[in-house]
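# Structural overview
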Amino acid sequence: MKIDTFKINWVGSHFAGHSLAIVNENICRHLQQDQHIDLRKEVPEIEMPQASHLKEEGEKKAFLPFSKPALTISHQWPPYWSMPKSGRWVCMQPWEFGAIPREWYIPMKYWLDEIWVYSSYNKECYIRCGIPENKIQVIPLGVNKKVFHTGVEALTLEPSSFRFLFVGGTIGRKGIDILIQAYLNEFTSDDDVCLFIKDTGTQSFYKGITLEKMILEAMADSKNPRIVYMDQDFSETELAGLYKACDCLVHPYRGEGFGLPIAEAMACGIPVIVPDKGSCRDFCSDETAFFVPSQEVALSEKRVGNLETVDFPWWLSIDPNDLQQVMRFAYENHTLVKEKGQKASEQILSKFTWEKSAKHVSDRIKQLVQRKPSRKSTDEDIVKMELEHANEQYAKNFIEDALGTYLNILCIYPTSIMARHNTAIIYIGQKNYIAAIEHLVYIANNMDRQRKDFQENIWRMMRFCYSQKAD
(Lines give C-alpha, C1' and ligand atoms only; values in the text may rest on other atoms or scores of the structure.)
Protein backbone atom coordinates (compact mmCIF):
# COMPACT_ATOMS: atom_id res chain seq x y z
CA MET A 1 0.00 0.00 0.00
CA LYS A 2 1.31 3.43 -0.95
CA ILE A 3 2.19 5.66 2.00
CA ASP A 4 1.22 9.33 1.79
CA THR A 5 4.22 11.59 2.21
CA PHE A 6 4.36 15.32 2.75
CA LYS A 7 7.04 17.48 1.13
CA ILE A 8 8.49 19.76 3.81
CA ASN A 9 11.13 22.49 3.58
CA TRP A 10 12.95 23.33 6.81
CA VAL A 11 14.66 26.74 6.60
CA GLY A 12 17.51 27.63 8.97
CA SER A 13 21.08 27.01 10.08
CA HIS A 14 22.46 23.51 10.64
CA PHE A 15 26.20 24.02 10.96
CA ALA A 16 26.57 27.30 12.90
CA GLY A 17 26.80 25.79 16.40
CA HIS A 18 24.35 28.19 18.06
CA SER A 19 21.15 27.05 19.75
CA LEU A 20 18.87 27.45 16.70
CA ALA A 21 21.23 25.34 14.60
CA ILE A 22 21.36 22.67 17.32
CA VAL A 23 17.55 22.58 17.40
CA ASN A 24 17.33 22.33 13.60
CA GLU A 25 19.92 19.58 13.39
CA ASN A 26 18.37 17.40 16.08
CA ILE A 27 14.71 17.76 15.13
CA CYS A 28 15.41 17.28 11.42
CA ARG A 29 17.51 14.19 12.12
CA HIS A 30 14.53 12.52 13.77
CA LEU A 31 11.97 13.83 11.26
CA GLN A 32 13.93 12.17 8.46
CA GLN A 33 13.07 8.83 10.03
CA ASP A 34 9.32 9.50 9.65
CA GLN A 35 8.08 7.66 6.57
CA HIS A 36 5.27 10.19 6.09
CA ILE A 37 7.65 13.16 5.83
CA ASP A 38 9.92 13.94 2.89
CA LEU A 39 12.17 16.59 4.41
CA ARG A 40 14.51 19.01 2.66
CA LYS A 41 16.71 21.60 4.39
CA GLU A 42 17.35 25.13 3.20
CA VAL A 43 20.43 26.53 4.93
CA PRO A 44 21.93 30.04 4.69
CA GLU A 45 24.18 30.54 1.69
CA ILE A 46 27.23 30.85 3.94
CA GLU A 47 26.64 27.25 5.13
CA MET A 48 26.23 25.72 1.66
CA PRO A 49 29.92 24.73 1.30
CA GLN A 50 29.56 22.56 4.40
CA ALA A 51 26.41 20.97 2.99
CA SER A 52 28.11 20.32 -0.36
CA HIS A 53 30.96 18.46 1.35
CA LEU A 54 28.62 15.69 2.50
CA LYS A 55 29.75 12.38 1.07
CA GLU A 56 26.47 10.54 0.52
CA GLU A 57 24.30 11.64 -2.42
CA GLY A 58 21.21 11.23 -0.25
CA GLU A 59 22.65 13.64 2.30
CA LYS A 60 23.44 16.20 -0.41
CA LYS A 61 19.93 15.87 -1.85
CA ALA A 62 18.48 16.68 1.56
CA PHE A 63 19.86 20.22 1.17
CA LEU A 64 18.04 20.89 -2.11
CA PRO A 65 14.68 22.40 -1.06
CA PHE A 66 11.45 21.54 -2.86
CA SER A 67 10.10 24.10 -5.31
CA LYS A 68 6.50 23.36 -4.24
CA PRO A 69 6.47 22.08 -0.67
CA ALA A 70 3.30 21.31 1.23
CA LEU A 71 4.74 23.17 4.20
CA THR A 72 7.67 25.49 4.88
CA ILE A 73 9.02 25.68 8.43
CA SER A 74 11.30 28.64 9.11
CA HIS A 75 13.54 28.58 12.19
CA GLN A 76 16.31 31.12 11.77
CA TRP A 77 17.71 34.39 13.08
CA PRO A 78 16.77 36.94 12.11
CA PRO A 79 13.37 35.69 10.91
CA TYR A 80 12.76 36.27 7.21
CA TRP A 81 9.22 37.41 6.47
CA SER A 82 9.00 36.31 2.85
CA MET A 83 5.93 34.20 2.17
CA PRO A 84 6.61 30.86 0.42
CA LYS A 85 5.25 30.56 -3.12
CA SER A 86 3.23 27.46 -2.24
CA GLY A 87 1.98 25.47 0.73
CA ARG A 88 1.50 26.32 4.38
CA TRP A 89 3.94 28.44 6.35
CA VAL A 90 5.15 28.02 9.93
CA CYS A 91 7.65 30.14 11.80
CA MET A 92 9.36 28.56 14.81
CA GLN A 93 10.47 31.67 16.64
CA PRO A 94 11.62 32.07 20.24
CA TRP A 95 11.77 35.52 21.82
CA GLU A 96 13.27 36.41 25.20
CA PHE A 97 12.16 40.01 25.74
CA GLY A 98 8.37 39.90 26.17
CA ALA A 99 7.11 42.54 23.74
CA ILE A 100 7.78 41.43 20.17
CA PRO A 101 9.47 43.50 17.45
CA ARG A 102 6.98 45.71 15.63
CA GLU A 103 7.93 44.20 12.26
CA TRP A 104 6.82 40.75 13.49
CA TYR A 105 3.29 41.75 14.49
CA ILE A 106 1.43 41.65 11.17
CA PRO A 107 3.32 38.65 9.68
CA MET A 108 2.64 36.64 12.84
CA LYS A 109 -0.99 37.69 13.17
CA TYR A 110 -2.01 37.37 9.52
CA TRP A 111 0.55 35.75 7.22
CA LEU A 112 1.65 32.62 9.09
CA ASP A 113 -0.42 29.49 9.42
CA GLU A 114 1.18 28.73 12.79
CA ILE A 115 3.84 30.05 15.15
CA TRP A 116 5.89 27.53 17.15
CA VAL A 117 7.58 28.48 20.40
CA TYR A 118 9.67 26.48 22.87
CA SER A 119 7.76 27.29 26.06
CA SER A 120 4.39 28.17 27.54
CA TYR A 121 5.84 31.45 28.82
CA ASN A 122 6.91 32.47 25.32
CA LYS A 123 3.40 31.67 24.09
CA GLU A 124 1.91 33.82 26.85
CA CYS A 125 4.17 36.73 25.86
CA TYR A 126 3.03 36.53 22.23
CA ILE A 127 -0.61 36.49 23.30
CA ARG A 128 -0.03 39.55 25.45
CA CYS A 129 1.31 41.26 22.31
CA GLY A 130 -1.92 40.62 20.40
CA ILE A 131 -1.07 37.41 18.53
CA PRO A 132 -4.07 35.04 18.40
CA GLU A 133 -3.69 32.18 20.87
CA ASN A 134 -4.98 29.59 18.39
CA LYS A 135 -2.07 30.31 16.04
CA ILE A 136 0.61 29.50 18.63
CA GLN A 137 1.83 25.98 19.41
CA VAL A 138 4.38 25.02 22.06
CA ILE A 139 7.10 22.69 20.74
CA PRO A 140 9.31 21.80 23.74
CA LEU A 141 12.99 21.23 23.08
CA GLY A 142 14.96 18.26 24.34
CA VAL A 143 18.29 16.58 24.94
CA ASN A 144 20.21 13.79 23.27
CA LYS A 145 19.50 10.99 25.75
CA LYS A 146 22.41 8.93 24.40
CA VAL A 147 24.81 11.68 25.51
CA PHE A 148 23.19 13.45 28.46
CA HIS A 149 22.39 10.94 31.22
CA THR A 150 23.54 9.96 34.69
CA GLY A 151 25.86 7.22 33.43
CA VAL A 152 28.18 9.61 31.59
CA GLU A 153 31.81 9.71 32.74
CA ALA A 154 32.55 12.85 34.75
CA LEU A 155 35.33 15.19 33.69
CA THR A 156 38.28 15.49 36.04
CA LEU A 157 38.09 18.91 37.71
CA GLU A 158 40.09 20.50 40.49
CA PRO A 159 39.02 19.25 43.93
CA SER A 160 36.16 21.02 45.72
CA SER A 161 33.50 19.86 48.15
CA PHE A 162 30.83 21.68 46.12
CA ARG A 163 30.89 22.75 42.49
CA PHE A 164 28.48 25.28 41.06
CA LEU A 165 28.28 25.47 37.27
CA PHE A 166 27.17 28.03 34.69
CA VAL A 167 26.93 27.06 31.00
CA GLY A 168 26.06 29.54 28.27
CA GLY A 169 27.00 32.87 26.80
CA THR A 170 28.26 35.23 29.52
CA ILE A 171 25.88 37.99 28.46
CA GLY A 172 23.50 40.11 30.49
CA ARG A 173 20.38 38.26 29.35
CA LYS A 174 21.73 35.03 30.87
CA GLY A 175 22.23 36.71 34.28
CA ILE A 176 25.94 35.93 34.66
CA ASP A 177 26.51 39.34 36.31
CA ILE A 178 23.90 38.54 38.98
CA LEU A 179 25.50 35.14 39.53
CA ILE A 180 29.00 36.60 39.98
CA GLN A 181 27.67 39.24 42.38
CA ALA A 182 25.75 36.71 44.47
CA TYR A 183 28.60 34.18 44.53
CA LEU A 184 31.22 36.74 45.63
CA ASN A 185 28.91 38.20 48.29
CA GLU A 186 27.94 34.84 49.78
CA PHE A 187 31.19 32.86 49.72
CA THR A 188 34.83 33.60 50.50
CA SER A 189 38.15 31.93 49.84
CA ASP A 190 37.65 30.03 53.10
CA ASP A 191 34.67 28.14 51.67
CA ASP A 192 35.48 24.85 49.97
CA VAL A 193 33.45 25.81 46.89
CA CYS A 194 34.13 26.54 43.23
CA LEU A 195 32.12 28.16 40.44
CA PHE A 196 32.85 26.71 37.00
CA ILE A 197 31.87 28.95 34.10
CA LYS A 198 31.66 27.39 30.64
CA ASP A 199 31.34 30.30 28.21
CA THR A 200 30.00 29.80 24.68
CA GLY A 201 30.06 31.76 21.45
CA THR A 202 32.95 34.01 22.48
CA GLN A 203 34.43 33.92 18.97
CA SER A 204 31.14 33.75 17.04
CA PHE A 205 27.57 34.73 17.90
CA TYR A 206 28.43 36.45 21.26
CA LYS A 207 31.80 37.86 20.19
CA GLY A 208 32.50 41.24 21.77
CA ILE A 209 29.49 41.28 24.11
CA THR A 210 30.46 38.78 26.82
CA LEU A 211 31.36 39.67 30.40
CA GLU A 212 34.67 37.79 30.34
CA LYS A 213 36.53 40.81 31.76
CA MET A 214 34.31 40.89 34.86
CA ILE A 215 34.89 37.18 35.41
CA LEU A 216 38.68 37.42 35.05
CA GLU A 217 38.81 40.37 37.47
CA ALA A 218 36.88 38.34 40.06
CA MET A 219 39.26 35.42 39.59
CA ALA A 220 42.29 37.64 40.13
CA ASP A 221 41.33 38.62 43.70
CA SER A 222 42.73 36.08 46.16
CA LYS A 223 40.05 36.97 48.75
CA ASN A 224 37.31 35.72 46.46
CA PRO A 225 36.02 32.15 46.32
CA ARG A 226 37.42 30.07 43.48
CA ILE A 227 36.21 30.51 39.92
CA VAL A 228 37.30 28.43 36.93
CA TYR A 229 36.60 29.98 33.52
CA MET A 230 36.47 27.90 30.33
CA ASP A 231 35.85 29.27 26.84
CA GLN A 232 37.26 26.46 24.70
CA ASP A 233 34.97 24.38 22.49
CA PHE A 234 33.51 21.26 24.13
CA SER A 235 32.07 18.26 22.36
CA GLU A 236 28.65 17.10 23.56
CA THR A 237 30.32 14.24 25.44
CA GLU A 238 32.74 16.62 27.17
CA LEU A 239 29.89 18.94 28.07
CA ALA A 240 27.92 16.05 29.56
CA GLY A 241 31.02 15.10 31.55
CA LEU A 242 31.25 18.67 32.87
CA TYR A 243 27.63 18.58 34.03
CA LYS A 244 28.21 15.23 35.71
CA ALA A 245 31.32 16.49 37.52
CA CYS A 246 29.44 19.39 39.14
CA ASP A 247 26.83 19.50 41.88
CA CYS A 248 24.39 22.21 40.77
CA LEU A 249 23.81 24.36 37.69
CA VAL A 250 23.01 28.03 38.36
CA HIS A 251 21.21 29.83 35.53
CA PRO A 252 19.66 33.09 36.80
CA TYR A 253 18.42 34.17 33.37
CA ARG A 254 16.60 37.38 32.64
CA GLY A 255 15.18 35.91 29.44
CA GLU A 256 15.33 32.46 27.83
CA GLY A 257 13.45 30.84 24.97
CA PHE A 258 13.87 27.41 26.58
CA GLY A 259 17.22 26.94 28.34
CA LEU A 260 18.95 23.92 26.79
CA PRO A 261 21.83 23.88 29.35
CA ILE A 262 19.24 23.66 32.13
CA ALA A 263 17.67 20.56 30.60
CA GLU A 264 21.03 19.00 29.72
CA ALA A 265 22.34 19.45 33.26
CA MET A 266 19.18 17.94 34.71
CA ALA A 267 19.45 14.96 32.36
CA CYS A 268 22.96 14.33 33.72
CA GLY A 269 21.63 14.18 37.26
CA ILE A 270 22.31 17.61 38.71
CA PRO A 271 19.57 19.97 39.89
CA VAL A 272 19.36 23.62 38.86
CA ILE A 273 18.98 27.01 40.50
CA VAL A 274 16.69 29.07 38.27
CA PRO A 275 14.13 31.90 38.41
CA ASP A 276 10.63 30.88 39.47
CA LYS A 277 9.14 32.31 36.27
CA GLY A 278 9.83 31.99 32.57
CA SER A 279 10.57 29.19 30.17
CA CYS A 280 12.02 26.68 32.62
CA ARG A 281 8.71 26.27 34.45
CA ASP A 282 7.65 23.87 31.70
CA PHE A 283 10.23 21.31 32.84
CA CYS A 284 11.42 22.36 36.32
CA SER A 285 9.54 21.75 39.54
CA ASP A 286 10.18 21.94 43.29
CA GLU A 287 11.26 18.29 43.12
CA THR A 288 13.97 18.95 40.51
CA ALA A 289 15.07 22.55 41.01
CA PHE A 290 15.76 25.32 43.50
CA PHE A 291 13.71 28.39 42.57
CA VAL A 292 14.72 32.01 43.08
CA PRO A 293 11.89 34.60 43.38
CA SER A 294 11.65 36.73 40.25
CA GLN A 295 9.47 39.45 38.80
CA GLU A 296 8.91 40.97 35.39
CA VAL A 297 10.57 44.34 34.84
CA ALA A 298 9.88 46.59 31.85
CA LEU A 299 12.83 48.07 29.99
CA SER A 300 13.08 51.82 29.47
CA GLU A 301 12.58 51.98 25.68
CA LYS A 302 10.26 50.30 23.20
CA ARG A 303 13.30 48.77 21.56
CA VAL A 304 15.62 45.77 21.75
CA GLY A 305 18.88 46.60 20.02
CA ASN A 306 17.90 47.96 16.61
CA LEU A 307 14.41 46.41 16.76
CA GLU A 308 11.47 48.66 17.66
CA THR A 309 8.95 46.73 19.77
CA VAL A 310 5.15 46.88 20.02
CA ASP A 311 5.38 47.82 23.70
CA PHE A 312 8.03 48.21 26.37
CA PRO A 313 10.02 44.95 26.38
CA TRP A 314 10.30 43.10 29.66
CA TRP A 315 12.45 40.46 31.25
CA LEU A 316 12.86 38.84 34.64
CA SER A 317 14.67 40.35 37.58
CA ILE A 318 15.93 38.56 40.67
CA ASP A 319 17.46 39.98 43.84
CA PRO A 320 21.10 38.88 44.25
CA ASN A 321 20.41 38.43 47.98
CA ASP A 322 17.74 35.85 47.17
CA LEU A 323 20.14 34.03 44.84
CA GLN A 324 22.78 34.06 47.58
CA GLN A 325 20.42 32.39 50.02
CA VAL A 326 19.44 29.68 47.55
CA MET A 327 23.08 28.97 46.65
CA ARG A 328 24.03 28.75 50.33
CA PHE A 329 21.10 26.40 50.98
CA ALA A 330 22.18 24.11 48.14
CA TYR A 331 25.79 24.20 49.36
CA GLU A 332 24.73 23.12 52.87
CA ASN A 333 22.25 20.42 51.76
CA HIS A 334 24.25 18.03 49.59
CA THR A 335 21.92 15.09 50.16
CA LEU A 336 18.89 17.09 48.98
CA VAL A 337 20.90 18.24 45.95
CA LYS A 338 21.58 14.61 45.01
CA GLU A 339 17.92 13.65 45.45
CA LYS A 340 16.71 16.53 43.29
CA GLY A 341 19.33 15.68 40.67
CA GLN A 342 18.13 12.10 40.36
CA LYS A 343 14.52 13.21 39.96
CA ALA A 344 15.60 15.87 37.46
CA SER A 345 17.24 13.26 35.24
CA GLU A 346 14.15 11.05 35.32
CA GLN A 347 11.95 14.02 34.41
CA ILE A 348 14.02 15.16 31.43
CA LEU A 349 14.83 11.75 29.97
CA SER A 350 11.19 10.66 30.12
CA LYS A 351 9.61 13.80 28.65
CA PHE A 352 12.14 16.19 27.09
CA THR A 353 14.23 14.43 24.46
CA TRP A 354 14.78 15.26 20.79
CA GLU A 355 12.62 12.24 19.90
CA LYS A 356 9.75 13.83 21.84
CA SER A 357 10.35 17.22 20.20
CA ALA A 358 10.33 15.68 16.72
CA LYS A 359 7.11 13.82 17.57
CA HIS A 360 5.45 17.13 18.50
CA VAL A 361 6.64 18.61 15.19
CA SER A 362 5.54 15.57 13.18
CA ASP A 363 2.06 15.71 14.71
CA ARG A 364 1.73 19.42 13.90
CA ILE A 365 2.93 18.88 10.32
CA LYS A 366 0.35 16.19 9.67
CA GLN A 367 -2.48 18.24 11.13
CA LEU A 368 -1.50 21.34 9.18
CA VAL A 369 -1.06 19.80 5.74
CA GLN A 370 -4.29 17.81 6.01
CA ARG A 371 -6.37 20.69 7.36
CA LYS A 372 -8.70 22.47 4.98
CA PRO A 373 -6.99 25.71 3.88
CA SER A 374 -8.47 28.87 5.35
CA ARG A 375 -8.82 32.05 3.34
CA LYS A 376 -5.80 34.29 3.72
CA SER A 377 -6.48 37.97 4.33
CA THR A 378 -5.35 40.30 1.56
CA ASP A 379 -3.12 43.27 2.32
CA GLU A 380 -6.16 45.52 1.92
CA ASP A 381 -8.11 43.37 4.40
CA ILE A 382 -5.29 43.51 6.93
CA VAL A 383 -4.91 47.28 6.75
CA LYS A 384 -8.67 47.75 7.04
CA MET A 385 -8.98 45.45 10.09
CA GLU A 386 -6.02 47.02 11.88
CA LEU A 387 -7.27 50.55 11.14
CA GLU A 388 -10.66 49.65 12.59
CA HIS A 389 -8.96 48.20 15.67
CA ALA A 390 -6.82 51.32 16.15
CA ASN A 391 -9.81 53.63 15.64
CA GLU A 392 -11.71 51.73 18.36
CA GLN A 393 -8.76 52.13 20.71
CA TYR A 394 -8.62 55.85 19.95
CA ALA A 395 -12.37 56.25 20.51
CA LYS A 396 -11.99 54.65 23.96
CA ASN A 397 -9.17 57.13 24.70
CA PHE A 398 -6.48 54.40 24.65
CA ILE A 399 -4.27 56.81 22.76
CA GLU A 400 -0.91 55.04 23.19
CA ASP A 401 -2.44 51.69 22.19
CA ALA A 402 -3.97 53.28 19.09
CA LEU A 403 -0.66 54.89 18.16
CA GLY A 404 1.05 51.51 18.52
CA THR A 405 -1.46 49.87 16.20
CA TYR A 406 -1.07 52.60 13.56
CA LEU A 407 2.72 52.17 13.77
CA ASN A 408 2.33 48.41 13.42
CA ILE A 409 0.49 49.01 10.15
CA LEU A 410 3.11 51.43 8.86
CA CYS A 411 5.95 49.07 9.71
CA ILE A 412 4.66 46.66 7.02
CA TYR A 413 2.47 48.94 4.90
CA PRO A 414 4.25 52.34 4.90
CA THR A 415 2.07 53.64 2.04
CA SER A 416 -1.12 53.59 4.14
CA ILE A 417 -2.31 57.20 3.96
CA MET A 418 -4.93 56.81 6.70
CA ALA A 419 -2.48 55.16 9.12
CA ARG A 420 -0.09 58.06 8.57
CA HIS A 421 -2.88 60.62 8.88
CA ASN A 422 -4.12 59.23 12.18
CA THR A 423 -0.58 58.82 13.48
CA ALA A 424 0.08 62.49 12.71
CA ILE A 425 -3.08 63.51 14.60
CA ILE A 426 -1.90 61.64 17.70
CA TYR A 427 1.58 63.15 17.47
CA ILE A 428 0.09 66.64 17.20
CA GLY A 429 -1.99 65.93 20.30
CA GLN A 430 1.24 64.91 22.06
CA LYS A 431 2.98 68.07 20.77
CA ASN A 432 5.49 65.89 18.93
CA TYR A 433 5.42 68.13 15.88
CA ILE A 434 8.62 66.84 14.27
CA ALA A 435 7.26 63.28 14.18
CA ALA A 436 3.91 64.55 12.87
CA ILE A 437 5.59 66.51 10.07
CA GLU A 438 7.40 63.37 8.87
CA HIS A 439 4.06 61.67 8.20
CA LEU A 440 2.33 64.75 6.84
CA VAL A 441 5.12 65.36 4.31
CA TYR A 442 4.76 61.81 3.05
CA ILE A 443 1.00 62.26 2.69
CA ALA A 444 1.43 65.60 0.91
CA ASN A 445 3.70 63.94 -1.65
CA ASN A 446 1.29 61.05 -2.25
CA MET A 447 -2.26 62.42 -1.98
CA ASP A 448 -3.09 63.26 -5.58
CA ARG A 449 -6.04 60.83 -5.55
CA GLN A 450 -7.45 62.06 -2.25
CA ARG A 451 -10.45 64.41 -1.95
CA LYS A 452 -9.75 68.14 -2.15
CA ASP A 453 -10.96 68.81 1.39
CA PHE A 454 -8.62 66.07 2.69
CA GLN A 455 -5.66 67.67 0.87
CA GLU A 456 -6.53 71.10 2.23
CA ASN A 457 -6.68 69.67 5.75
CA ILE A 458 -3.22 68.12 5.37
CA TRP A 459 -1.78 71.50 4.34
CA ARG A 460 -3.44 73.15 7.36
CA MET A 461 -2.00 70.52 9.68
CA MET A 462 1.47 70.99 8.17
CA ARG A 463 1.32 74.78 8.56
CA PHE A 464 0.25 74.37 12.17
CA CYS A 465 3.09 71.91 12.94
CA TYR A 466 5.72 74.13 11.33
CA SER A 467 4.45 77.15 13.24
CA GLN A 468 4.55 75.28 16.55
CA LYS A 469 7.97 73.90 15.74
CA ALA A 470 9.25 77.42 15.03
CA ASP A 471 7.94 78.63 18.40
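This text gives an overview of the structure that appears in the document. (Residues numbered from 1 in each chain as written. Predicted model: local features only at pLDDT ≥ 70, side-chain atom pairs only at ≥ 80, totals over all residues. Heavy atoms only, no water.)

### Focus: a positive patch on the surface
Taken together, the side chains of Arg-29, Lys-145, Lys-146 and Lys-356 make up a positively charged region of the molecular surface. Counting through the fold element by element, Arg-29 comes out in helix H1 (residues 19-31). (Patch = residues over 30% accessible without salt bridge, like charges linked within 9 Å, V, L, I, M, F, W, Y side chains within 5 Å. Areas by Shrake-Rupley, 256 points an atom, 1.4 Å probe, with all protein chains shown as cover. Salt bridge = Lys/Arg side-chain N within 4 Å of Asp/Glu carboxyl O. Lys, Arg positive; Asp, Glu negative; His and termini not counted. Charge placed at Lys NZ, Arg CZ, Asp CG, Glu CD. Helix = DSSP H or I, 4+ residues; strand = E, 2+ residues; numbered from the N terminus.)

### Regarding empty space enclosed by the protein
Under the defined criterion, the tally for this structure stands at one cavity of 30 Å³ or more. Roughly 110 Å³ of volume is contained in the largest cavity. At the level of elements, helix H5 (120-128) and strand S16 (314-317) are the ones that each hand at least two residues to the lining of the largest cavity. Looking at side-chain class alone, the lining of the largest cavity contains eight nonpolar, six polar and three charged residues. (1 Å grid on protein atoms, 1.4 Å probe; cavity = no way out; pocket = protein on both sides within 12 Å on 5 of 7 lines; lining within 4 Å. Points joined across faces, edges and corners; volume = space filled by probe spheres on them. Nonpolar A, V, L, I, M, F, W, Y, C, P; charged D, E, K, R; others polar.)

### A closer look at the pattern of salt bridges
Counting across every chain of the model gives 22 salt bridges. Residue Arg-128 pairs with Glu-124 through a salt bridge whose shortest N-O separation is 3.0 Å. Of this pair, Arg-128 and Glu-124 both sit in helix H5, separated by four residues, roughly a single helical turn. Here Arg-254 makes a salt bridge to Asp-177, at a shortest N to O gap of 2.9 Å. One end of the pair, Arg-254, is in the loop between strand S10 (248-250) and helix H9 (260-267); the other, Asp-177, is in helix H6 (residues 176-186), and 77 residues separate them in sequence. A relative accessible area of 16% means that Arg-254 is categorised as buried. Here the residues in one salt-bridge network are Glu-96, Arg-173, Lys-174 and Glu-256, joined through shared partners. (Buried < 20%, exposed > 50% of the residue type's maximum accessible area, 1.4 Å probe, protein only.)

### A look at the sheet that holds strand S2 (residues 37-42)
Pairing is parallel in the open sheet, where six strands are placed in the order S2-S1-S3-S4-S5-S6. Of all strands in the sheet, those bounded by a partner on one side alone are S2 and strand S6 (136-138). Pairwise comparison of adjacent strand axes, ignoring direction, gives a mean angle of 25 degrees for this sheet. Inspection of the sheet shows strand S5 (residues 114-117) paired to S6 by three bridges, in the parallel sense. When the sheet's bridge partners are listed, Val-117 is paired in S6 with Val-138. On top of the sheet, H5 reaches S5 and S6; it is set at about 165 degrees to S6, its chief contact. (Pairing = 2+ DSSP bridges. Axes fitted to C-alpha atoms, helices over the stretch in contact; angles between N-to-C directions. Contact = heavy atoms within 4.5 Å.)

### Here's the deal with the packing of H6 against helix H7 (residues 212-220)
Two quantities define a packed helix pair, namely the angle between the axes and the distance from one axis to the other. Where H6 contacts H7, the two axes come as close as 10 Å, and the packing angle between them is 10 degrees. Regarding the angle of H6 to H7, the classification is roughly parallel. The chirality of how H6 crosses H7 is left-handed. Mapping the contact onto sequence places Ile-176, Asp-177, Ile-180 and Leu-184 in H6 and Met-214, Ile-215 and Ala-218 in H7. (Parallel < 35°, antiparallel > 145°, perpendicular 65-115°, else oblique. Left-handed = near helix turned anticlockwise from the far one by under 90°.)

### Concerning the packing of aromatic side chains
Summed over the entire model, instances satisfying the criterion amount to 19 aromatic pairs. Measuring from ring centre to ring centre gives 6.2 Å for Trp-81 and Trp-104, while their planes differ by 65 degrees; the resulting arrangement is edge-to-face. Note that Trp-81 is positioned in the loop between strand S3 (71-74) and strand S4 (88-92) and Trp-104 in helix H4 (residues 102-111), a separation of 23 residues in sequence. Note on accessibility: Trp-81 and Trp-104 belong to one class, buried. Each ring, one from Phe-162 and one from Tyr-331, has its centre 5.8 Å from the other, and the planes form 70 degrees; the classification is edge-to-face. One end of the pair, Phe-162, is in strand S7 (residues 162-168); the other, Tyr-331, is in helix H10 (residues 320-332), with 169 residues separating them in the sequence. Here the aromatic cluster, defined as three or more aromatic residues joined through ring pairs, consists of Trp-77, Trp-81, Trp-89, Trp-95, Phe-97, Trp-104 and Trp-315. (Phe/Tyr/Trp six-rings, centres within 6.5 Å; stacked < 30°, edge-to-face > 60°.)

### What to know about the state of the cysteines
Under the defined criterion, the tally for this structure stands at zero disulfides. Lacking any disulfide linkage, Cys-246 is separated from the closest cysteine sulfur, that of Cys-194, by 8.2 Å. (Disulfide = S-S within 2.5 Å.)

### Re the nonpolar core
Within the largest apolar cluster, 118 residues are counted, with the highest numbers of intra-cluster contacts made by Ile-100, Tyr-126, Ile-262, Phe-283 and Cys-284. By residue number, the principal contributor to this core is helix H16 (residues 433-444), which donates seven residues. Dropping the residues within four chain positions of it, Ile-100 is found in contact with Trp-95, Tyr-105, Met-108, Tyr-126, Cys-129, Ile-131, Glu-308, Thr-309 and Val-310. Of all hydrophobic cores here, the second largest spans 29 residues; its members include Ala-182, Ile-227, Ile-318 and Met-327. (Core = buried A, V, L, I, M, F, W, Y, C linked by side-chain atoms within 4.5 Å.)

### Topic: H9
Burial within H9 is extensive, with eight of its eight residues counted as buried. Among the residues of H9, Leu-260, Pro-261, Ile-262, Ala-263, Glu-264, Ala-265, Met-266 and Ala-267 are the ones counted as buried. After H9 finishes, the residue Gly-269 shows a positive phi value of roughly 95 degrees.

### Structural notes on the packing of H9 against helix H11 (residues 334-351)
Running from N to C, H9 and H11 point in directions that differ by 115 degrees, and their axes come no closer than 7 Å. Taken together, H9 and H11 sit at an angle that is classed as roughly perpendicular. In this structure, H9 uses Ala-263, Met-266 and Ala-267 to contact H11, whose residues at the interface are Gly-341, Ala-344, Ser-345, Ile-348 and Leu-349.

### Describing the pairing of strand S11 (residues 272-275)
With two bridges connecting them, S10 and S11 associate as parallel partners. The partner of Leu-249 across the bridge, within S11, is Val-272. Each parallel crossover has a hand, and for S10 linked through H9 to S11 it is right-handed. (Right-handed = clockwise from strand over helix to strand, strands pointing away.)

### Some words on the sheet that holds S7
If you walk across this open sheet you meet the six strands as S9-S8-S7-S10-S11-S12, and the pairing is parallel. Edge positions in the sheet fall to strand S9 (226-230) and strand S12 (289-292), since each has one partner strand and no second. Ignoring strand direction, the axes of neighbouring strands in this sheet form an average angle of 25 degrees. Sheet topology note: the S7/S10 ladder contains two bridges and is parallel. Paired with Leu-165 across the bridge in S10 is Leu-249. Sitting on the sheet, H7 touches strand S8 (193-199) and S9, and the angle it makes with S9 is about 145 degrees.

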